[in-house]
Amino acid sequence: MIERKDYLQDPVVHIKISKKLTVDQLMQQFKNSGSLGAGRLATACDIYENMISDPECTVFLALSGAVIPAGMRTLVADLIRKRFVDVVVCTGASMVHDAIEAVGGHHYKGSCVVSDHELYKHHIFRIYDVFVTEEDYVRLDYQLSEMYDNIAAKHKGESLSSNEFTWEIGKCLKDPNSILRAAYEENVPIFLPAVRDSEFGFIHWLHSSQQNKKPILQLDAFKDVPTISGICSKSPKNGMVVIGGGVPRNTIQSAALASKKGLDYGVVITMDRPEIGGLSGSTLEEAVSWGKIKGQANQVMVIGDALMVFPFMVASVTERLGEDFRRVPFLERERLLEQRC
Amino acid sequence: MKNAKTLKCCGNCDAHNSYDYPSKIFCSTRHAQNKDPIVDTLWCCEDYSRVCQECYCVREALMEKEGREAAQR
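Residues numbered from 1 in each chain as written. Chains lettered and ligands numbered in written order. Predicted model: local features only at pLDDT ≥ 70, side-chain atom pairs only at ≥ 80, totals over all residues. Heavy atoms only, no water.

1. A closer look at the overall build of chain B
- Counting its regular elements, chain B contains two helices and three strands.
- The C-alpha radius of gyration of chain B comes to 12 Å, within 12% of the 11 Å expected for a compact globule of 73 residues.
- In terms of overall dimensions, chain B has C-alpha extents of about 40 × 25 × 20 Å along its principal axes.
- Taken across its 73 residues, chain B has 41% of its residues classed as buried.
- Restricting the contact set of chain B to residue pairs at least 6 apart, pairs at least 24 apart contribute 51%.
- Entry remark: accessible area of chain B is about 4300 Å², with carbon and sulfur atoms responsible for 47%.
- Side-chain charges of chain B comprise 11 positive and 11 negative groups, with the mean position of each set lying 5 Å from the other. (Helix = DSSP H or I, 4+ residues; strand = E, 2+ residues; numbered from the N terminus. Rg over C-alpha atoms; globule rule 2.2 N^0.38 Å. Buried < 20%, exposed > 50% of the residue type's maximum accessible area, 1.4 Å probe, protein only. Contact = heavy atoms within 4.5 Å. Areas by Shrake-Rupley, 256 points an atom, 1.4 Å probe, with all protein chains shown as cover. Lys, Arg positive; Asp, Glu negative; His and termini not counted. Charge placed at Lys NZ, Arg CZ, Asp CG, Glu CD.)

2. Some details on the overall build of chain A
- Looking only at helices and strands, chain A has 14 helices and nine strands in total.
- Rg of the C-alpha trace for chain A: 21 Å, near the compact-globule value of 20 Å for 341 residues, within the 12% margin.
- Taken along the three principal axes of its C-alpha coordinates, chain A extends 80 × 60 × 45 Å.
- Every one of the 341 residues in chain A was classed for burial, and the buried ones make up 48%.
- Counting contacts in chain A only where the partners sit at least 6 residues apart, residues at least 24 apart contribute 75% of the total.

3. Some thoughts on the nonpolar core
Residue and element names in this part refer to chain A.
- Counting residues in each nonpolar core, the largest one holds 75 residues, and the members touching the most others are Tyr48, Leu63, Phe310 and Met313.
- Contact partners of Met313, with chain neighbours within four places excluded, come to Leu41, Ala44, Cys45, Tyr48, Val241, Val267 and Ile269.
- Within the second largest apolar cluster, 20 residues are counted, among which are Val89, Ile231, Cys232 and Ala287. (Core = buried A, V, L, I, M, F, W, Y, C linked by side-chain atoms within 4.5 Å.)

4. Structural notes on the state of the cysteines
- Enumeration over the complete set of coordinates arrives at zero disulfides over all chains.
- Left without a disulfide partner, Cys90 of chain A is nearest to the cysteine sulfur of Cys232 of chain A, which lies 16 Å away.
- Under the relative-accessibility criterion, Cys90 of chain A is labelled buried at 1%.
- Here Cys27 of chain B stays free of any disulfide, with the sulfur of Cys45 of chain B as its closest cysteine sulfur at 6.0 Å. (Disulfide = S-S within 2.5 Å.)

5. Details of the side chain of Arg181 of chain A
Residue and element names in this part refer to chain A.
- Along the chain, Arg181 falls in helix α8 (residues 179-186).
- According to the relative accessible area criterion, Arg181 is buried, its value standing at 13%.
- One polar contact links the side chain of Arg181 to the main-chain carbonyl oxygen of Leu173, over a distance of 2.9 Å.
- If we skip the residues at most four places from it in the chain, Arg181 touches Arg81, Gly170, Lys171, Leu173, Lys174 and Asp175. (Polar contact = N/O pair within 3.5 Å; in protein donor to acceptor, adjacent residues only side chain to side chain.)

6. What to know about the interface of chain A and chain B
- The interface of chain A with chain B comprises 15 residues on the first partner and 21 residues on the second.
- Approximately 1800 Å² of surface area, both sides summed, lies buried where chain A meets chain B, with 54% of it carried by carbon and sulfur atoms.
- The interface formed by chain A and chain B holds 11 residue pairs in polar contact (both at pLDDT 80 or more) in total.
- Mapped by element, the contributors of at least two residues to the side of chain A that touches chain B are α5 (116-121) and α6 (134-155) of chain A.
- Here the side of chain A that touches chain B gets six residues from one element, more than from any other, and that element is α6 of chain A.
- Residues that form the side of chain A that touches chain B fall into these classes: four nonpolar, six polar and five charged. (Buried area = accessible area lost by both parts, 1.4 Å probe. Nonpolar A, V, L, I, M, F, W, Y, C, P; charged D, E, K, R; others polar.)

Structural data, given as structure tokens:
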């Protein structure tokens, strides 16, 4: 039985700001508070550090929302290059935004207080307070259409999975800051479970509607399922960091379920609420009921804007691990061992 | 600039997308026909069909053209 004194073991230590405070030192202050958003963020940093440091864990990153056009592109590419992420699952739009910049386009600091009808007349699109021009999309479309031609010719009409598709696109891009390019070079799979619902899908129409076009690029939505479930299955432990939620989060959780593993670690950063029953706001405890995450998993949900929360997490954990920290993911070690045998 | 909205040109056609704003258009119809899809905003072809929503492409392309001609004079 829990006694009264058991509830009162850990007093809140108040946050103290000194002149030279590093990000991780601030995070330790948050941990000392242990309360509200600060406490959850500090816990998220501990869990992410544990995931990366655990030699048996495969780290999945789920990306949704507009964090890539808003400034998180290089951060994600760097995480892939440092192998702080082993598998990326994201919306098609996130990788379209990456590709727009990879071929020379830009996202601009804008405003949410603006005439959208005027923006329309100027061929400028708005993502809350970020602007992107139609011509940056169209230039990408035109290049993608040519890439689709070449990929389809190479595969002779054979169907690709979404992660084979992203690998081929990453191969065509040259920008070292591109997420797609970094994933191609580091052999990190990027899965796009809702690839059709993005410019990648609508450009397929441009590609396939050309007169006498043969072969047409074919994607098989089901082909990813054994691949991602197989990764979960082979890895002794699995962890996920979720930015937003939606289809990418569900894909990772379902792969963990299909492989009968359940996730060992989970960090979800979201602004969504659980009451409406949508996945993005659903609690990690709810996922326990499905077997998607283990009952004893190391997990936390941070309610906040991922564009603010996630860079703090990455900065804090990078500082803890130090510049010389080199991670060899579990599945990579397995592959190297197999090659040696 | 009064006639910018009513001019029969690519910038007022419903197959137009901005390619090099405001002077160049990406034409999805020409792309489907395997023709060079990049055309001048102020050009026009036999597939012209008036755009359902107005934009500033033609107005800005005319202004740019006038500026270019004035500089040449």
